Amino acid sequence: QVQLVESGGGLVQAGGSLRLSCAASGRSFSSYTMGWFRQAPGKSREFVAAISRSGGITYHTDSVKGRFTISRDNAKNTVYLQMSSLKPEDTAVYYCNAGVRNYYSGWKGDYWGQGTQVTVSS
């Protein structure tokens, strides 16, 4: 199992930037595909980004491509989400996720953090 703790959320103005971090504890962090999901008020949880075990392959949903970047540092057991050019529609609770399988369409992972709130004001 892996335990995940997100940090870095907060209130930011439209056009601003935030970097979310997800610190993992447990065995074999590098064996997990890692990802980020978000859930906006009144909406279902949405895939945002994922990264392969070694960090060599990344995936970003169309709405964040060019603005968000997922990365990981396996030596620090940490995955990041760098968010730039933030928009009010990015407002959501952001959840870190770890999965035992490779990324595929519809991937949801297996383990979840508690979430961190990101609020973007207009």
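The structure we're discussing is the one just above.
In this text the structure is predicted, and so the values were computed from the model without any measurement.

Q: Help me understand the pairing of strand β8 (residues 78–83) in this model?
A: On a regular strand, each side chain points to the face opposite its neighbour's, so the side chains alternate between the two faces of the sheet. For β8, a buried count of five out of six residues is recorded, marking the element as mostly surrounded by other parts of the structure. Pairing of strand β3 (residues 18–26) with β8 involves six bridges; the strand directions are antiparallel. Bridge pairing in β8 links Ser21 to Tyr80. Where strand β7 (residues 68–73) meets β8, six bridges bridge the pair, whose relative direction is antiparallel. Bridged to Thr69 within β8 is Gln82.

Q: Honestly, the sheet that holds strand β1 (residues 2–7) in this entry has me stumped. Any pointers?
A: Taken together, the four strands give an open sheet; going across it, the order is β1-β3-β8-β7, and neighbouring strands pair in antiparallel fashion. Two strands lie at the open edges of the sheet, namely β1 and β7, each paired on one side alone. Between one strand axis and the next, the sheet turns through 15 degrees on average, direction left out of account.

Q: Would you take a moment to explain the pattern of salt bridges for this structure?
A: Any two side chains of opposite charge can pair, so long as their charged atoms come close to each other. Going through the model one piece at a time under the given rule, you end up with five salt bridges. Residue Asp62 pairs with Lys65 through a salt bridge whose shortest N-O separation is 3.1 Å. Residue Asp62 is classed as exposed on the basis of its relative accessible area of 62%. Taken together, the shared-partner salt bridges in this structure form one network comprising Arg38, Glu46, Arg67 and Asp90.

Q: What's the story with the packing of aromatic side chains in this structure? I'm lost.
A: Remark: the centre distance and the inter-plane angle together describe each pair of aromatic rings, the angle taken between the planes. Going through the model one piece at a time under the given rule, you end up with seven aromatic pairs. Among the aromatic residues, those joined into a cluster by ring pairs are Phe37, Phe47, Tyr59, Tyr103, Trp107 and Trp112. The ring of Tyr95 has Arg45 sitting right over it, with the charged end atom 3.8 Å from the ring centre. Geometry around Trp112 places Arg45 over its ring, the cationic atom sitting 4.8 Å from the centre.

Basis of the calculations
- Residues numbered from 1 in each chain as written.
- Predicted model: local features only at pLDDT ≥ 70, side-chain atom pairs only at ≥ 80, totals over all residues.
- Heavy atoms only, no water.
- Buried < 20%, exposed > 50% of the residue type's maximum accessible area, 1.4 Å probe, protein only.
- Helix = DSSP H or I, 4+ residues; strand = E, 2+ residues; numbered from the N terminus.
- Pairing = 2+ DSSP bridges.
- Axes fitted to C-alpha atoms, helices over the stretch in contact; angles between N-to-C directions.
- Salt bridge = Lys/Arg side-chain N within 4 Å of Asp/Glu carboxyl O.
- Phe/Tyr/Trp six-rings, centres within 6.5 Å; stacked < 30°, edge-to-face > 60°.
- Lys NZ or Arg CZ within 6 Å of the ring centre and 35° of its normal.

In short, geometric facts, not functional conclusions.
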